[in-house]
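Fold and contact review
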Amino acid sequence: MKRHTLSTHSPAETHALGRRLGEVLEEGDFVGLSGDLGAGKTHFVRGVAEGAGVPLHEVSSPTFSIVQPYQGRLLVHHADLYRLRDADELYATGFHELVSGPGAMIVEWIEQVPEAAPADALRIRIDALEEENRRFEIAATGPAAAALLSRWIPESKD
Ligand code: ADP
Ligand code: MG
């Protein structure tokens, strides 16, 4: 499995890291984010959305809906599973159809429903180390995700 670990040292650095991922995101890509409240998931997603050409003012935490679509140079679905009560509720949102439909997906709190991720996904665990220091543990669980990781972080190793 292709993996990479790195750290950021400011919110701006996390945003820039996300923006670079957004710039190389393609149709069918699935990015699952895990990490505690305040780790920086939403901050990272805002960067990804911006890199994918989504107007930044459209991007927020999907507080009232589990998943919301953004239109950039491609369609990006942003989901946040924090408030999800159970897997049935996710089913009702149409999430599973979105995974196989057009666009890319980026999902906060994927650890709430790990089985909702496709077999081939880019998994990113974010941990707050101290103050503004965040560790990103990245793993590609299939070929599309490995290709995405190579485009995003060319120096990442197999
Ligand atoms: P989450 O979505 O994981 O709950 P948010 O992105 O909403 O987290 O919030 C992250 C918080 O941590 C923000 O207040 C942000 O300013 C702060 N922060 C401090 N350092 C960083 C960093 N290196 N990367 C991202 N956020 C950081
Ligand atoms: Mg969040």
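Here we summarise the structure given alongside this text.

**A closer look at the packing of helix 1 (residues 11-24) against helix 5 (residues 143-152)**
Axis separation between helix 1 and helix 5 bottoms out at 9 Å; the angle between their running directions is 120°. Considering the angle they form, helix 1 stands oblique to helix 5. Read as a crossing pair, helix 1 and helix 5 show a hand that is right-handed. For the pair helix 1 and helix 5, contact is made by Leu17, Arg20, Leu21 and Val24 and by Leu148, Arg151 and Trp152, respectively.

**What to know about the coordination of the magnesium ion (ligand 2)**
Six octahedrally arranged donors around a metal ideally form angles of 90 or 180 degrees; four tetrahedrally arranged donors ideally form angles of 109.5 degrees. At the metal site, the magnesium ion (ligand 2) is ligated by Thr42 (OG1) and Glu108 (OE), and these contacts range over 2.1 to 2.2 Å. With Thr42 in helix 2 (residues 41-51) and Glu108 in strand 5 (residues 104-108), the pair connects residues that are 66 residues apart, well separated along the chain. By relative accessible area, which is 22% here, Thr42 ends up partly exposed.

How each quantity is defined
- One numbering rule holds for all chains: residues counted from 1, following each sequence as written.
- Following the order in which they are written, the chains are lettered starting with A and the ligands numbered starting with 1.
- Where totals are concerned, whole chains, interfaces and linings use all residues; where local detail is concerned, this predicted model gives features only for residues with pLDDT of at least 70, and gives and counts side-chain atom pairs only at 80 or more.
- Side-chain measures here rest on the full set of heavy atoms in the structure, leaving out hydrogens and waters.
- Orientation is described by axes fitted as lines to C-alpha atoms, over the contacting stretch for helices, and by angles from 0 to 180 degrees between their N-to-C directions.
- For the purposes of this entry, the term helix denotes a DSSP run of H or I that reaches at least four residues, the term strand denotes a run of E that reaches at least two, and both are numbered from the N terminus.
- Between 65 and 115 degrees an angle is taken as roughly perpendicular, under 35 as roughly parallel, over 145 as roughly antiparallel, and anywhere else as oblique.
- The crossing is said to be left-handed when, going from far helix to near helix, the turn is anticlockwise and less than a right angle, and right-handed when the turn is clockwise.
- Residue contacts are defined here by distance: any two heavy atoms, one from each residue, within 4.5 Å place the two residues in contact.
- In this analysis a donor is any N, O or S atom within 2.8 Å of a metal ion (3.2 Å for sodium, potassium and calcium), and since water is not included, sites may seem incomplete.
- Here's how the labels work: a residue is buried when its accessible area is under 20% of the maximum for its type, exposed when over 50%, partly exposed in between, all with a 1.4 Å probe on protein chains only.

Geometric values such as these leave the question of function open.
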